[in-house]
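Residue-level structure breakdown
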Amino acid sequence: MMRCPNCNSIDLGRIAENQFYCWHCFIEIADNNGKLEIYQVESDGTLTAINDLIDGQNEDAWQVQ
Ligand SMILES: [Zn+2]
């Protein structure tokens, strides 16, 4: 089961082969060979990297199936 590394929600949508969107906290998650890149989607559609804002405590739960 995939979970959002930020809010731990399972409410994730796949938007590309290795990209996911969390409908709960509105972030985009890119799985870069197991290294997660996390972006916040701004209202104008641009992406802001927020990796530093994620403490990573939930990253262990991240498993792409
Ligand atoms: Zn989330």
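Residues numbered from 1 in each chain as written. Predicted model: local features only at pLDDT ≥ 70, side-chain atom pairs only at ≥ 80, totals over all residues.

Under an unreviewed UniProt entry, the name given to the protein chain is DUF2797 domain-containing protein, and the source organism is Aciduricibacillus chroicocephali.

1. Things to note about the nonpolar core
Threshold: For this entry, the nonpolar core is defined as buried Ala, Val, Leu, Ile, Met, Phe, Trp, Tyr and Cys residues connected by C-beta atoms within 7 Å. Exposure is read from a count of other C-beta atoms within 10 Å of each residue's own; the residue is exposed at 12 or fewer, buried at 20 or more and partly exposed in between. C-beta atoms are placed from the backbone. A pair of residues counts as a contact when their C-beta atoms, built from backbone coordinates, are within 7 Å of each other.
If you look at the biggest cluster of nonpolar residues, it comprises 5 residues: Cys4, Cys22, Ile27, Ile29 and Ile38. Look past the residues within four positions of cysteine 22 in its chain and what remains in contact with it is Cys4, Asn6, Cys7, Ser9, Asp11, Leu12, Ile27 and Ile29.

2. Digging into the pairing of strand β3 (residues 27–32)
Side-chain direction in a regular strand flips from residue to residue, so the side chains alternate between the two faces of the sheet. Rules: Strands are labelled as partners when DSSP assigns at least two bridges between them. Numbering of helices and strands runs from the N terminus; a helix is a DSSP stretch of H or I covering at least four residues, while a strand is a stretch of E covering at least two.
In this sheet, β3 lies alongside strand β2 (residues 19–22) in antiparallel orientation, the contact comprising 3 bridges. By the bridge assignment, glutamine 19 is partnered in β3 with alanine 30. Taken together, the 6 bridges between β3 and strand β4 (residues 35–41) define a ladder with antiparallel strand orientation. The residue of β4 that forms the bridge with alanine 30 is glutamate 37.

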